[in-house]
Amino acid sequence: MEKKKIAFVTDSTAYLTEELLNHPDVYVAPIVVISEGHEYEDGVNLSSEELYNIIRNNKEVPKTSQPSIGKFADLYENLKKDYDHAIAIHVSNKLSGTISSSTAGKDQAGFDVEVVDSLSLSYGITELINKGLQLAEENKDVKEIAAELRNHVTKGKNLILLGKLEQLYKGGRMSGAQFLLGNLLQIKPILSINNVGELGLFDRVRSEKKATNKLIELLKQSNEEHTVKQVGIMHGNVLEKAIDLKKSIEEAIPGIDVVIGEISSSLAVHAGEGTVAMFWFEE
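Criteria and thresholds
- Residues numbered from 1 in each chain as written.
- Predicted model: local features only at pLDDT ≥ 70, side-chain atom pairs only at ≥ 80, totals over all residues.
- Heavy atoms only, no water.
- Helix = DSSP H or I, 4+ residues; strand = E, 2+ residues; numbered from the N terminus.
- Rg over C-alpha atoms; globule rule 2.2 N^0.38 Å.
- Buried < 20%, exposed > 50% of the residue type's maximum accessible area, 1.4 Å probe, protein only.
- Pairing = 2+ DSSP bridges.
- Axes fitted to C-alpha atoms, helices over the stretch in contact; angles between N-to-C directions.
- Contact = heavy atoms within 4.5 Å.
- Phe/Tyr/Trp six-rings, centres within 6.5 Å; stacked < 30°, edge-to-face > 60°.
- Core = buried A, V, L, I, M, F, W, Y, C linked by side-chain atoms within 4.5 Å.
- Salt bridge = Lys/Arg side-chain N within 4 Å of Asp/Glu carboxyl O.

Under the annotation held in an unreviewed UniProt entry, the protein carries the name DegV family protein and is attributed to Litchfieldia luteola.

**Digging into the overall build of the protein**
The helix and strand tally for the protein stands at 11 helices and 13 strands. Taken over the C-alpha trace, the protein has a radius of gyration of 19 Å; the compact-globule value for 283 residues is 19 Å, and the two agree within 12%. Taking the principal axes of the C-alpha coordinates as reference, the protein spans close to 65 × 50 × 30 Å. A total of 283 residues make up the protein; the buried ones form 49% of that total.

**Considerations on the sheet that holds strand β1 (residues 4-11)**
As summarised here, the arrangement of the four strands in space is β2-β1-β6-β7, forming an open sheet in which the pairing is parallel. The open sheet is flanked by β2 (26-29) and β7 (113-117), the only strands paired with a single partner. Strand-to-strand, the axes of this sheet are offset by a mean angle of 20°, without reference to chain direction. Two strands pair when backbone bridges link them, and strand β6 (residues 83-90) and β7 are joined in this way by five bridges, in the parallel orientation. By the bridge assignment, Ala88 is partnered in β7 with Val115. In the packing of helix α5 (residues 123-137) onto the sheet, contacts are made with β1, β2 and β6, and the angle to β1 comes to roughly 180°.

**Concerning the packing of aromatic side chains**
Applying the stated criterion to the full structure yields four aromatic pairs. Here the aromatic rings of Tyr15 and Tyr123 are separated by 6.2 Å at their centres, their planes lie at 35°, and the arrangement is tilted. Of this pair, Tyr15 sits in the loop between β1 and α1 (18-21) while Tyr123 sits in helix α5, and the two are 108 residues apart along the sequence. A centroid spacing of 6.1 Å and a plane angle of 20° characterise the contact between Phe72 and Tyr76, whose relative ring orientation is stacked. One end of the pair is Phe72 and the other is Tyr76, both in helix α3 (residues 69-80) and four residues apart, which spans about a single turn. We classify Tyr76 as buried; its relative accessible area is 0%. Taken together, the aromatic side chains of Phe72, Tyr76 and Phe111 make up a single cluster linked through ring pairs.

**Some remarks on the nonpolar core**
Counting residues in each nonpolar core, the largest one holds 44 residues, and the members touching the most others are Phe8, Leu51, Ile87, Ile89, Val116, Ile129 and Leu149. At the level of elements, β1, α2 (48-57), β6, α5, α6 (142-153), β9 (187-193), α11 (265-271) and β13 (276-281) are the ones that each hand at least two residues to this core. The element contributing the most residues to this core is α5, with six residues. Apart from residues lying up to four places away in sequence, Leu51 is in contact with Val33, Leu46, Ser265, Ala268 and Val269. Among the nonpolar cores identified, the runner-up in size contains 22 residues, and Leu159, Val205, Ile253 and Met278 belong to it.

**Focus: unusual backbone geometry**
Despite not being glycine, Leu119 has its phi angle at roughly 55°, a positive value. Along the chain, Leu119 turns up in the loop between β7 and α5.

**Some thoughts on the pattern of salt bridges**
Per the counting criterion, the structure on display carries 11 salt bridges. With a closest N to O distance of 3.0 Å, Lys71 and Glu41 form a salt bridge. Here Lys71, found in helix α3, pairs with Glu41, found in strand β4 (residues 38-41); they are 30 residues apart in sequence, far enough to count as distant. For the salt bridge of Lys80 with Glu77, the shortest nitrogen-to-oxygen distance reads 3.7 Å. On the criterion of helical spacing, the pair formed by Lys80 and Glu77 is a turn pair, its members being three residues apart in helix α3.

**A look at the sheet that holds strand β3 (residues 32-35)**
The strands making up a sheet associate through hydrogen bonds between their backbones, and the pairing can be parallel or antiparallel. A sheet is described by the order of its strands in space; here three strands give the open sequence β4-β3-β5, paired in antiparallel fashion. Looking along the sheet, the strands with just one partner apiece sit at the ends: β4 and β5 (63-65). Here the average twist between neighbouring strands, direction ignored, is 30°.

In C-alpha cells, the structure reads:
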C-alpha cells in the first residue's frame with residue numbers, strides 16, 4: 001500500500017470541527033487535566049460538561065499538563081507506517097510544554113515532523129490546520145507548507161473576555177481584595193495572546209456590555225485596516241452569549257463568516273465558565 005504524503009498532528013487545546021475530527025489525516029494528542037489526584041485525557045475520558053462540574057464543585061482549580069513524550073513517540077511511530085511526513089501544529093510554546101514533548105517524541109520515533117508553534121490556541125490552531133490541509137491538496141511539499149503556516153501565524157489575532165473573576169481568585173492569580181473590588185465594580189478583564197505567544201492583560205472594562213462592544217470595535221478596526229474574512233467565537237458553556245455576539249458582529253461587518261464553538265479544556269480550566277474568546281487572521 002502506497003504511503004500517504006502528510007499527516008497533520010495537533011493537541012486538544014485546538015477547536016476541532018466535525019470535519020477535522022473525521023478527517024483521515026488529522027490526529028490529536030489529548031491534553032491531561034488533573035483534579036484532586038485524578039488524571040483525565042481531554043476529549044477521551046473527560047467531556048466539557050464533566051469539566052465544568054469539576055470547576056464548579058471542586059475546591060481546587062484543576063491543572064493541565066501537556067501530553068507526554070511517550071504519547072507523542074507512540075503516535076509518530078504509528079504514523080511512520082502510513083505517512084512520509086507530518087506537520088504538528090500546537091498550542092503556543094509560551095503557554096504549554098506541548099511543543100517540547102512533541103519535538104522530543106518525533107526525535108525518539110525518528111520521524112520527519114515539521115513542528116509549528118501556533119502562538120495561540122483554540123480556533124487559532126483550527127485555521128492553521130485548515131490552511132495546511134488546503135496547501136497539501138495543492139501538492140505543496142512539507143517544508144513549503146510549514147513555511148507558509150509559520151508566516152500565517154504572524155497574522156493571527158485574539159481577544160479573550162473572562163466570564164468570572166472567581167476562577168482567577170481560586171487559581172491564586174488574584175488576591176481576595178482584588179476579587180472583591182473587581183466584583184463590586186463589575187470589572188471585566190480582556191486578555192490577549194501577543195505576537196510571541198504570551199498571554200497577558202489587554203484591557204479592563206467596566207460591565208459586560210462595554211467589554212463586548214470593545215471586542216466588536218477592535219475586530220471592526222482590524223477588518224478596516226487589513227480585511228478579516230472569518231472569525232471564530234469560542235465560548236465556555238455560554239452558547240447564547242456567543243450567538244448574541246455573532247449577531248452583533250454580522251451587523252457591524254456584513255459578509256463576515258462567523259464560526260461558533262466551545263473553548264478548549266485548557267482555556268476553560270484557566271479562564272472559567274462564561275468566558276468568550278474571538279480568534280481571527282488578518283488578510
